[in-house]
Amino acid sequence: MPTFGLIDGNSFYCSAEQAFAPELRSRPLVVLSNNDGCAIARTPEAKALGIKMGEPWHLFRKRPESRAVEWRSSNYALYGDMSRRVYDVLTERVPQVEPYSIDEMFLDLDGIPDLDRFCRDLRRDVRQIAKIPTCVGIGPTKTIAKLANKIAKKETALGGVCDLRDPELRARHYERLPIAEVWGIGGQVGAKLAAAGITTIADFVRADPRAVRDMLTVTGARVQTELRGASCLPLSLMAPTRKGIAVSRSFGHMIDRPAELREAICTFAARAAEKLRAEGLEAGQITVFTHTNPHNGDPWYSAQRQGKIEPTADTGLLIGEAIRLLRAVWHPGYRYFKAGVMLQDLAPARRQAVLFASFDRDQSAAAMKAMDAINARFGRGTLRIASTATSPSWGARRQNLSPRYTTQAGEMLVANSF
DNA sequence: TCTGGGGTCCTAGGACCC
DNA sequence: TCTGGGGTCCTAGGACCC
């Protein structure tokens, strides 16, 4: 039977901020989403004040408790770098590590003696070297390891490690825990199960597998199998080839001028093209979408157009196609709130010439390579297409951004405070 | 004034084909 | 009286995740 571990950073974004700002430690701290919209990470002290995950910040700010709360705009350059540090510590100590998200990694813990000791040492090392506090869950399947991790986070007496390999211990937790605690069971499915009289994990595990399959399709059946202790989600070390790349933003203010929306779309297309080339891919399809604000009572309008293209990673060509699609999406008289560009049909960039290509592929590749090299050296946006923007009028609010301590030379700490 | 962004997988239904 | 069946591809939409 395999043994999986799941290690994740406690309040990861907050911990990353605290790593470089000792004055924030042991304080109620929240990190806000893009546009300083809502709380997406909270320290235990902030949770204790009643700040909910995803709570709109502009509402919470009106409450008196908010005065004690520190907050930061999200700083993904910092969090990505901290995540890589955690990964480096893990790969030196664990045979196989699968990054699952920016703050979670699955571990192959097969055949490791004294697993409890091992995991406690692992937590200590990650904390000391990468400056991130973590919890570890252990189980015979990924789903059980995820659950164990959740228990480790909630029950602080466990010291950050919870091992659910023992079936009897597992059964006791299953009897008391709601099914909604399980990875893969969200609000809709939870409600469906509740209507069928299934409320605890134990209820779900006991249910007839055919009934589960009928009610929840193969996805739910898989969750049940995993909770029963049979692994059907293996550790995957190869990052799967991705299916799409999306760049979208809600705006700092509503947009009602076509030129402004066009500039935003061009900027998103250029950023998407950069991501595409960074992974050595080309896109065969592009989608442009925009919509009005669903929250403020404005009339709802939403539109999206897709176009097939000759596979390319060329910024200029992708921008051209995006502008063409935007003409079909734009409708005068609305105030636009959000827009985005998505690239699909991704495939590795082909090196060889293509018969009947409508553009010079070699020349395009060389130009893009030069542009990426200049921007890598002198900073993003040094060389760009004229229709894009570097500090746009429609840009998101980020009013309380921490310095990029780890990734930007000019903002690095001279003497860090570890 | 003010509510994120980027992904994945699954299913249903329509179009088309033989 | 009495409608073919099965495969594939595409798209839209739902649900979930962090």
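Nothing here was measured: the structure is a model prediction, and the numbers come from that model. (Residues numbered from 1 in each chain as written. Chains lettered and ligands numbered in written order. Predicted model: local features only at pLDDT ≥ 70, side-chain atom pairs only at ≥ 80, totals over all residues. Heavy atoms only, no water.)

A. Inspection of a nonpolar patch on the surface at higher detail. Taken together, the side chains of Ile-374, Phe-378 and Leu-383 define a hydrophobic patch exposed on the protein surface, amounting to about 270 Å² of accessible area. Mapped onto the elements of the fold, Phe-378 is located in helix H13 (residues 361-378). (Patch = residues over 30% accessible without salt bridge, like charges linked within 9 Å, V, L, I, M, F, W, Y side chains within 5 Å. Areas by Shrake-Rupley, 256 points an atom, 1.4 Å probe, with all protein chains shown as cover. Salt bridge = Lys/Arg side-chain N within 4 Å of Asp/Glu carboxyl O. Helix = DSSP H or I, 4+ residues; strand = E, 2+ residues; numbered from the N terminus.)

B. Geometry of the environment of Thr-141. Note on placement: Thr-141 falls in the loop between strand E7 (134-139) and helix H6 (142-154). Sequence separation between Thr-141 and His-331 is 190 residues, and the spatial gap between their C-alpha atoms is 50 Å. Residues in contact with Thr-141, not counting those within four places in the same chain, are Phe-4, Glu-226, Gly-229, Ala-230 and Ser-231. There is a polar contact of 3.1 Å between the side chain of Thr-141 and the backbone nitrogen of Ile-144. (Contact = heavy atoms within 4.5 Å. Polar contact = N/O pair within 3.5 Å; in protein donor to acceptor, adjacent residues only side chain to side chain.)

C. Region of the structure containing the nonpolar core. Core analysis: the biggest nonpolar cluster contains 37 residues, and Phe-268, Leu-276 and Leu-343 have the highest contact counts within it. It is helix H11 (residues 258-278) that contributes the most residues to this core, ten residues altogether. In contact with Leu-343, other than residues within four places in its own chain, are Lys-243, Gly-244, Ile-245, Ala-272, Ala-273, Leu-276, Ala-283, Gln-285, Ile-286 and Leu-318. Counting residues in each nonpolar core, the second largest holds 34 residues, with Ala-21, Val-94, Cys-119 and Tyr-405 among its members. (Core = buried A, V, L, I, M, F, W, Y, C linked by side-chain atoms within 4.5 Å. Buried < 20%, exposed > 50% of the residue type's maximum accessible area, 1.4 Å probe, protein only.)

D. The arrangement of the protein's contact with DNA strand B in detail. Neighbouring DNA strand B are 24 residues, the closest being Asn-34, Arg-242, Ala-246, Ser-248 and Ser-250. Among the atoms of DNA strand B close to the protein, meaning within 4 Å, 78% are from sugar or phosphate groups. Within the side chain of Arg-222, a nitrogen or oxygen atom sits 3.0 Å from a phosphate oxygen of DNA strand B. Ser-250 is positioned such that a nitrogen or oxygen atom in its backbone is 2.7 Å from a phosphate oxygen of DNA strand B. Contributions of two or more residues to the surface near DNA strand B are made by helix H10 (209-227), strand E9 (245-255) and strand E12 (336-344). (Near = heavy atom within 4 Å.)

E. A look at H11. With 21 residues, H11 should reach 30 Å at 1.5 Å per residue; the first-to-last C-alpha distance of 30 Å fits that figure. Of the residues one or two after H11, Gly-280 is the one with positive phi, at around 65 degrees. (Expected span 1.5 Å × (residues − 1).)

F. Quick look at the packing of aromatic side chains. Counted by the stated rule, this structure contains 15 aromatic pairs. An angle of 70 degrees between the planes, with centres 6.1 Å apart, marks the rings of Tyr-301 and Tyr-336 as edge-to-face. Of this pair, Tyr-301 sits in the loop between strand E10 (281-292) and strand E11 (302-312) while Tyr-336 sits in strand E12, and the two are 35 residues apart along the sequence. We note that Tyr-301, like Tyr-336, is buried. Among the aromatic residues, those joined into a ring-pair cluster are Phe-12, Tyr-13, Tyr-76 and Tyr-79. When the ring centre of Phe-106 is taken as origin, the NZ or CZ atom of Lys-142, which lies over that ring, is 4.7 Å away. (Phe/Tyr/Trp six-rings, centres within 6.5 Å; stacked < 30°, edge-to-face > 60°. Lys NZ or Arg CZ within 6 Å of the ring centre and 35° of its normal.)

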